[in-house]
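Reading the structure
Here are the chains, one letter per residue:
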Amino acid sequence: MDQTECLQNYFIKDIRSRLVEKLNEARRTIISGDKDRVAQVLIELDLYQKTFDSLYDKRNDKHLEKVA
């Protein structure tokens, strides 16, 4: 595994853990009934999800190029 691939894996793991943390925060916010904060937390959650999807898709595209 080269250094670039290691860094990409690190970033994916970091974003994935932040995504899980944000998901738990969203769940807690919804349960608490804090309607003012729900929209903000869901927007942040969506941003983390898009970032994770983008990094994951790039990694898979590079993997498919190596296999082909």
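Notes on the structure in this doc start here. Since the structure is predicted, the reported quantities are computational estimates derived from the model, not experimental observations. (Residues numbered from 1 in each chain as written. Predicted model: local features only at pLDDT ≥ 70, side-chain atom pairs only at ≥ 80, totals over all residues. Heavy atoms only, no water.)

1. Let's talk about helix α1 (residues 3–32)
- For α1, spanning 30 residues, the distance from its first C-alpha to its last is 43 Å, which sits close to the expected 44 Å at 1.5 Å a residue.
- Residues of α1 that are buried: Asn9, Ile12, Ile15, Leu19, Lys22, Glu25, Ala26 and Thr29.
- Among the residues trailing α1, Gly33 stands out with phi positive, at a value near 85°. (Helix = DSSP H or I, 4+ residues; strand = E, 2+ residues; numbered from the N terminus. Expected span 1.5 Å × (residues − 1). Buried < 20%, exposed > 50% of the residue type's maximum accessible area, 1.4 Å probe, protein only.)

2. Structural notes on a nonpolar patch on the surface
- Together, Leu7, Tyr10 and Phe11 make up a nonpolar patch on the protein surface, roughly 330 Å² of accessible area in all.
- Relative to the helices and strands, Leu7 is located in helix α1.
- The exposure class assigned to Leu7 is partly exposed, which follows from its relative accessible area of 45%. (Patch = residues over 30% accessible without salt bridge, like charges linked within 9 Å, V, L, I, M, F, W, Y side chains within 5 Å. Areas by Shrake-Rupley, 256 points an atom, 1.4 Å probe, with all protein chains shown as cover. Salt bridge = Lys/Arg side-chain N within 4 Å of Asp/Glu carboxyl O.)

3. Brief notes about the environment of Asp2
- Relative to the helices and strands, Asp2 resides in the segment before α1.
- Residue classification places Asp2 among the partly exposed positions, given a relative accessible area of 42%.
- Side-chain polar atoms of Asp2 contact the backbone nitrogen of Glu5, separated by 2.9 Å. (Polar contact = N/O pair within 3.5 Å; in protein donor to acceptor, adjacent residues only side chain to side chain.)

Just geometry here; none of it tells us what the structure is for.
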